[in-house]
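Structural features, examined
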Amino acid sequence: MWKKLGIALIASWLPINGFAAEPVEQRSPNHGGAERAAPEIAGTLDDELHEWFILSHGNDSNASFVELGNDISIDITGSVDDEAWEGEESLSISLTVNEEQLINAVVIYSIGSSISPPLFTSEGGEVVITLTRYERSSQIVHVAGKITGILALQIELGEPPSLDEGIEIDVAFDVEAQKIEF
């Protein structure tokens, strides 16, 4: 009896599809690839559809916030890849909230692999940022909103951004940011 119980226990732990060493990825019938997570930031940039993902690993996240007196400073960086922490074509959103009201915001769309010029920025642009949701628990801020307008191109550090070569942005975001404690 113990032998049968032991065999049944071992058999229940074996993979169903044989002796696979790795889990098999489920394929999506629409995409032919692995099922993707829903993007936290999506919309159009220069009339092309874009999606950005918030990546996290343990306590490290691309969406975080800190308390600065009465202000809550929220930093969000969306990546075009839902698995890799890349800066290329990332969308960064910095929000400052006081008493649930947005008091400052900066949006940067990076062209290269770092957040340095050339890049597109809301500073010097004509961008409207609205919050549609702001909820705070002790360690999480849930923030959602919309970004519309024209981001200005900044070619070199120290030079003012130019609207002449700006790009149109119309995206929505719905993000949970984790609290950073020092």
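Now for a look at the structure at hand. All residue numbers refer to positions counted from 1 along the written sequence of the respective chain. With pLDDT at 70 or above as the cut-off, local features in this predicted model cover only qualifying residues; side-chain atom pairs require 80 or more to be listed or tallied, and sums for whole chains, interfaces and linings still use all residues. Side-chain calculation: all heavy atoms of the structure are included, whereas hydrogens and water are not.

1. What about the environment of A42?
To be explicit about the condition: Comment: elements are numbered from the N terminus, with helices defined as DSSP H or I runs of at least four residues and strands as E runs of at least two. Pairs of residues are marked as contacts when any of their non-hydrogen atoms sit within 4.5 Å.
With respect to the helices and strands, A42 occurs in strand β1 (residues 41-45). Residues A42 and A172, 130 residues apart in the sequence, show an inter-C-alpha distance of 5.7 Å. Every residue in contact with A42, bar those within four places of it in the chain, is listed here: H50, E51, V171 and A172.

2. Examining unusual backbone geometry
Definition in use: For every residue, the accessible area obtained with a 1.4 Å probe (protein chains only) is divided by the maximum for its type, and the residue is called buried under 20%, exposed over 50%, and partly exposed between those limits.
The omega angle of the peptide bond from P117 to P118 is 5°, so this bond is cis rather than trans. As for its position among the elements, P118 is in the loop between β8 (101-110) and β9 (119-136). Residues other than glycine seldom take positive phi values, yet D46 does so here, at roughly 55°. Positionally, D46 belongs in the loop between β1 and β2 (48-52). Judged by relative accessible area, D46 falls into the partly exposed class, the value being 44%. Although it is not a glycine, E89 sits at a positive phi angle of roughly 60°. Assignment of secondary structure puts E89 in the loop between β6 (71-78) and β7 (91-98).

3. Points about the pattern of salt bridges
For clarity, the cut-off: A pairing counts as a salt bridge when a side-chain nitrogen of Lys or Arg comes within 4 Å of a carboxyl oxygen of Asp or Glu.
A full pass over the atoms with the stated rule returns 4 salt bridges. For the salt bridge of R136 with E67, the shortest nitrogen-to-oxygen distance reads 3.1 Å. Note that R136 is positioned in strand β9 and E67 in strand β5 (residues 63-68), a separation of 69 residues in sequence. The exposure class of R136 is partly exposed, given its relative accessible area of 35%. The shortest N-O distance in the salt bridge between K146 and D170 comes to 2.7 Å. Of this pair, K146 sits in strand β10 (residues 140-154) while D170 sits in strand β11 (residues 162-179), and the two are 24 residues apart along the sequence.

4. Remarks on the nonpolar core
Spelled out, the test is: By nonpolar core is meant a set of buried Ala, Val, Leu, Ile, Met, Phe, Trp, Tyr and Cys residues that side-chain atoms within 4.5 Å join together.
Membership of the largest hydrophobic core comes to 30 residues, with the highest contact counts inside it found for I41, I74, I76 and L95. The contacts of L95, once residues within four sequence positions are left out, are I72, S73, I74, I76, L102, N104, A105, I129, L131, V143 and F173.

5. Some words on the environment of A152
Its location among the elements puts A152 in strand β10. Once the C-alpha coordinates of A152 and G125 are considered, the two residues, 27 residues apart in sequence, prove to be 4.6 Å apart. In this structure, A152 is in contact with L119, F120, T121, E123, G124, G125, P161, S162, L163 and G166, ignoring residues within four places of it in sequence.

6. Observations concerning a negative patch on the surface
Selection criterion: Only residues whose relative accessible area exceeds 30% and that form no salt bridge enter a patch; like-charged residues are grouped when within 9 Å of one another, and nonpolar side chains (Val, Leu, Ile, Met, Phe, Trp, Tyr) when within 5 Å. The Shrake-Rupley method, run with a 1.4 Å probe sphere, supplies the accessible areas, and residue values consider only the shown protein chains as cover. Charged-residue counts in this description rest on Lys and Arg as positive and Asp and Glu as negative, His and the chain ends being excluded. In this description, the location of a charge corresponds to atom NZ of lysine, CZ of arginine, CG of aspartate or CD of glutamate.
Where like charges cluster on the molecular surface, the negative patch consists of D46, D47, E48 and E168. Structurally, the position occupied by D47 is in the loop between β1 and β2. Relative accessible area serves as the criterion here: at 66%, D47 is assigned to the exposed category.

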